[in-house]
Amino acid sequence: MSVYLPAEFNVQIDHTLCRRCRRCVAECGFGTLSFKGDKVVADHKKCVACQRCVSTCPEAAINVVKNPLAYKENHHWTPEHIKNLHKQAATGGMLLTGGGNDKVYKSYFDHMVLDACQVTNPSIDPLREPMELRTYLGSKPDSLEFRYSENGEYKLKTKLNPQVKLDTPIVFSAMSYGAISLNAHKALASAAKECGILYNTGEGGLHKELYCYGENTIVQVASGRFGVNQEYLNRAAVVEIKCGQGAKPGIGGHLPGEKVNREVSQTRMIPEGSDAISPAPHHDIYSIEDLAQLIYAIKEATGYEKPVSVKIAAVHNVAAIASGIARAGADIIYLDGFRGGTGAAPTIIRDNVGIPIEIALAAVDDRLRKEGIRNKVSIIASGGIRSSADMAKAIALGADAVAVGTAALIAMGCRLCQKCYTGSCSWGIATQRPELVRRLNPDKAAQCLINMIRGWSLELKEILGALGVNAVESLRGSRERLRGIGLNETELNILGIKPAGR
Amino acid sequence: MRIDARGMYYRDLNKMIHQAVKNGETEIVLDNVNGQRYIGTGINEKVRITVNGVPGNDLAAFMNGPEITVYANAQDGIGNTMNDGTVVVHGGAGDVLGYAMRGGKIFIKGNVGYRVGIHMKEYQDRVPAIVVGGTAGDFFGEYMAGGILVVLGLNRKPGDPLTGDYLGTGMHGGIIYLRGEVERYKLGKEVEVFELNEEDEKKLQPFLEEYCAHFGFELEEVLSVPFCKLLPVSKRPYGRLYAY
Ligand code: SF4
Ligand code: SF4
C-alpha cells in the first residue's frame, strides 16, 4: 500500500559532475541509491534527508530537496496529517519517530534574554580572570558546622552527602547502547572523561569496554532493570532511577528482538533476539513511599557512597512530584522537558504530551525553594538544550546543570532525520549494523564532543563575565538576570522573571 | 555471629551485617527482626543469614550470593533485581517478589501476593526460580521474560483458587508450572496451557525436592496432583504495533 505514498524528499544527482565512484550508494543507510546502467539512480521514497550522501560525495554532485509536491492548501489538514493517515491506513500501526518534539510550540528559551553589566557595575573579562564553572551534584546540607582544629585551621564538621564533581555544568543525556551504537557510547564516555563531566548509560546496561569510564558514568535503573547488577551499580558515579522521559512521558520502552544482537544481549543481560520490554511504570513504584524504598535499596546496595538521581518527564504537576522525589531521599532530580529526544517513540506521544523544560524547571525550583528543600537535591535540566545560551538560561531558572542528548548527537554528525528507530542511521550513531557503526570513529566523535563542551564552556564564561559574576554558582537560580520578551503576565509569573524594560 | 535486631534502625542493622561479612563471618543469625528493610541487599558473598522474625521490604534486593532463611512471614519486594543466592521463607510473603530477578532461587512455604515474578529474566547459565507452596495473587509472572515460576497450592482451603487473575500477562519467556488446573479466564492473553513433557519433569523435580527438603513436605504428596505449564505463545507479544 505504501507505494501510494509520495516521496518526502527528492535526491538530485548532477550526472555531469558525478564521477561514478559509487560512494553514495554505499553511504546511504536507507538503500536509496543504486547504480543502474551508467549512473547512480535514486529511489526517492526511501530518502530521509540524512544528508550522508550529500556530505560525503567527493564532487558535491548530490543534493536533497523537499519534494515540492503540492497539496491543496489547507491549514487544518496539513500534508503531515494526510501523509500520516495514509501510512496508518496502510499499516494499522502506531506511527513511530525518533528525535525530539518538532512541532511549533513556543520556545521559552527564545523569549528570554540575559542581563549584562554596564557602567555602574563592572563586567569581568574571563580571558584574564578566573571563572569558576565547577559544579557539584548531590544533596547539600541545611547548614554547615565547622570546628577549629589544634593547628589553627577550620575544619568542616558537617558530614556531607556524596557529591559528584562536574568541571562544567553539563552532562550527556541518557542514551542506551542498543538505541545508539557502541562507538557512539565510547565517544560519549571518553569525551565525558576528558571534559570532567558525566555520560549516561540509559537503560541498556553497561558494556564491558566502558567499565573504565565508571567515574564518569551515570547508570540507569529503569523498569526493565536491564543489565542491572551489583557490579553495574558499583562501577557508576551516579545511579539514576528512570521514571520518565520527556519525549514519551508515561510511555515505556521497547527494543525489538531484531536489535538484540549478541553484544546488546550481553549488556542488557537477556537472550539474543528477545524483546527488551521496559514497562511504562516501575511496578514496584506506585507512590513516593515506594520510590523512597527503591532509592534506599540502591543506597544500601552501594554503601551510601553515590548520589541517586531520579529522572522524570516534565508533566503538568511536575513541581509536586519533584517535591516528593526530594523528600523521598533522591540526591538529584533529572527533569526532561517535552523537546527531549528519543530513539523511538510513538509520534503522537512525542508531539502532544508533556510540558517545556523552561516552565517545568521554573515551577520545580520555585516549589522546592518555597518548601525550603531546594538544597536537598541538585536539578539537572534537559529536553531541547541547543546552545550555551539555553544552558545559561536554564541555570538562571534554577538548574544546577543541563543534560544534552540531541546536541551531542549532532556534534557527532547526526542530521536530525528522526529515523533513529529504523536502526539504519547512515551516520553510524543510531544503528547496530556493523558496516554503519564502523563509520563512526569513536576517537574523532569524542573530539567533536570535547570541542562542543569546550565551546559551550567558553561561551558560558563570557556570559558570566558579562553578568559581572565569576562563578556559575552566582548565576544559579538568579532569575533577576533574566527578562522576558513577548511573554504574557502568566508566563512571566510562572517563569518568575520580569518583562524586558522592568 | 548473632545480632539482636530488636528495635534497631534498618541502616544500623545492615551496616552491622555488611561489616560482619567483611570480617569473614559466614553464618549470621538475626534475632527479633521486626520489619527492617533491605536485609541481604547488595551482599556478594556466599554467607548464610538466618532471620528470626519478620523482615521488611526488599529483602535480598540486588543480592548476589547469600542464602537467607526466614523463620516467619516476609513482606514485599523479596529478591528485587537479585542476581544470585537463595531465599527460603517459612511462611507467606507479600507482593512483587523477584522483580526482574536474574538468578538465584526463592522458596516461599505459604501464599504470596500480587505481581510475583514480574519481569523475571534469564541470561546464559542464570535461570532464576521462585517456588510458591501456597497460592499466588493476580498478575503472577507479569512481563516474565525468563526463568521458572512454580505454584503448588498446598494446604489450600477448599475453594481457594491456585492463582489470581491475569496470569502471565505480557509473558514473553520462561515457564510457569502450576500444580493442578487453571481456569482459562485467568490467563493473560499472551500465554497458553500445555502438558508437561519429560524435559519439564526433569527440570521441575529438583525444585520440588528442594521445596520439600526446606519445609518438610513429602515429594510423593506434591507429585500426587498433575502439573500443567504455561508458556508464552509468542516471543513478541508487542510486535506489529508500529507503522514504520
Ligand atoms: S537517505 Fe540520506 S544518504 Fe540516503 S539518499 Fe537520502 S540523504 Fe542521501
Ligand atoms: S541519530 Fe542518525 S537516525 Fe537518528 S536523527 Fe541522527 S542522523 Fe538520523
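Refer to the structure printed above.
What comes next is a walk through the structure. All figures in this text were calculated on a predicted structure; none of them were measured in a lab.

Parameters at a glance
- Residues numbered from 1 in each chain as written.
- Chains lettered and ligands numbered in written order.
- Predicted model: local features only at pLDDT ≥ 70, side-chain atom pairs only at ≥ 80, totals over all residues.
- Heavy atoms only, no water.
- Buried < 20%, exposed > 50% of the residue type's maximum accessible area, 1.4 Å probe, protein only.
- Helix = DSSP H or I, 4+ residues; strand = E, 2+ residues; numbered from the N terminus.
- Pairing = 2+ DSSP bridges.
- Axes fitted to C-alpha atoms, helices over the stretch in contact; angles between N-to-C directions.
- Parallel < 35°, antiparallel > 145°, perpendicular 65-115°, else oblique.
- Left-handed = near helix turned anticlockwise from the far one by under 90°.
- Contact = heavy atoms within 4.5 Å.
- Core = buried A, V, L, I, M, F, W, Y, C linked by side-chain atoms within 4.5 Å.
- Phe/Tyr/Trp six-rings, centres within 6.5 Å; stacked < 30°, edge-to-face > 60°.
- Lys NZ or Arg CZ within 6 Å of the ring centre and 35° of its normal.
- Buried area = accessible area lost by both parts, 1.4 Å probe.
- Salt bridge = Lys/Arg side-chain N within 4 Å of Asp/Glu carboxyl O.
- Polar contact = N/O pair within 3.5 Å; in protein donor to acceptor, adjacent residues only side chain to side chain.
- Nonpolar A, V, L, I, M, F, W, Y, C, P; charged D, E, K, R; others polar.

### Re the pairing of strand β21 (residues 401–404) of chain A
All names here are of chain A. Of the two faces of β21, both are covered, the one formed by Ala401 and Ala403 as well as the one formed by Val402 and Val404. Across 3 bridges, the pairing between strand β11 (residues 170–174) and β21 is parallel. Looking at the pairing, Ile170 lines up with Val402 of β21. Taken together, the 3 bridges between strand β20 (residues 378–382) and β21 define a ladder with parallel strand orientation. Looking at the pairing, Ser382 lines up with Ala403 of β21.

### Side note on the packing of helix α4 (residues 182–195) of chain A against helix α14 (residues 442–467) of chain A
If you want to describe how two helices pack, look at the angle between their axes and the distance between the axes. All names here are of chain A. With their axes 8 Å apart at the nearest point, α4 and α14 run at an angle of 45 degrees to one another. By the angle between their axes, α4 is oblique relative to α14. Handedness of the crossing formed by α4 with α14: right-handed. Side by side, α4 and α14 meet where Asn183, Lys186, Ala187, Leu188, Ser190, Ala191, Glu194 and Cys195 of the first sit next to Pro442, Ala445, Ala446, Leu449, Ile450 and Ile453 of the second.

### Regarding the sheet that holds strand β11 (residues 227–232) of chain B
Residue and element names in this part refer to chain B. Sheet architecture is open: 11 strands sit in the order β1-β2-β3-β4-β5-β6-β7-β8-β9-β11-β10, paired in mixed fashion. Only two strands of the sheet have a single partner each, and these edge strands are β1 (2–4) and β10 (191–195). Strand-to-strand twist across the sheet, computed as the mean angle between neighbouring axes with direction ignored, equals 15 degrees. Contacts between helix α1 (residues 10–22) and the sheet are confined to β1, β2 (27–34) and β3 (48–54), with β2 contributing the most and set at about 175 degrees to the helix. Each of β5 (84–89), β6 (105–108), β7 (129–132), β8 (145–151), β9 (173–179), β10 and β11 is contacted by helix α2 (residues 198–215), which is oriented at about 55 degrees to β6, the strand it contacts most.

### Observations regarding the nonpolar core
With 147 residues, the main nonpolar core has Phe172, Met412 and Ile429 of chain A as its most contacted residues. Sorting elements by how many residues they give to this core places α14 of chain A first, with 11 residues. When neighbours within four sequence positions are excluded, Ile429 of chain A is seen to be in contact with Ala179, Ile180, Ser181, Ala184, Leu409, Met412, Gly413, Cys414 and Leu440 of chain A. Of all hydrophobic cores here, the second largest spans 50 residues; its members include Val51, Met63, Ile68 and Ala74 of chain B.

### Observations regarding the packing of aromatic side chains
One pass over the full model with this rule turns up 8 aromatic pairs over all chains. What links up through ring pairs into an aromatic cluster is the set Tyr9, Tyr10 and Tyr38 of chain B. One Lys or Arg, Arg22 of chain A, reaches over the ring of Phe35 of chain A and ends 3.8 Å from the middle of that ring. Note that Arg115 of chain B overlies the ring of Phe139 of chain B, its terminal NZ or CZ placed 4.4 Å from the centroid.

### Quick notes on the interface of chain B and chain A
Frequently, the measure chosen for interface size is the accessible area removed from exposure when the parts meet. Counting from both sides, the interface comprises 38 residues of chain B and, opposite them, 41 residues of chain A. Summed over both sides, the interface between chain B and chain A buries roughly 3500 Å², with carbon and sulfur atoms accounting for 56% of that surface. Inspection of the chain B/chain A interface yields 0 salt bridges. Our count for the chain B to chain A interface comes out at 16 residue pairs in polar contact (both at pLDDT 80 or more). Where the side of chain B that touches chain A is concerned, the elements lending two or more residues are α1 and β12 (242–243) of chain B. Its residues assigned to classes, the side of chain B that touches chain A comprises 15 nonpolar, 12 polar and 11 charged. Inspection of the sheet shows strand β5 (residues 94–97) of chain A paired to β12 of chain B by 2 bridges, in the parallel sense. The residue of β12 of chain B that forms the bridge with Met94 of chain A is Tyr242 of chain B.

The analysis is restricted to geometry; functional conclusions fall outside its scope.
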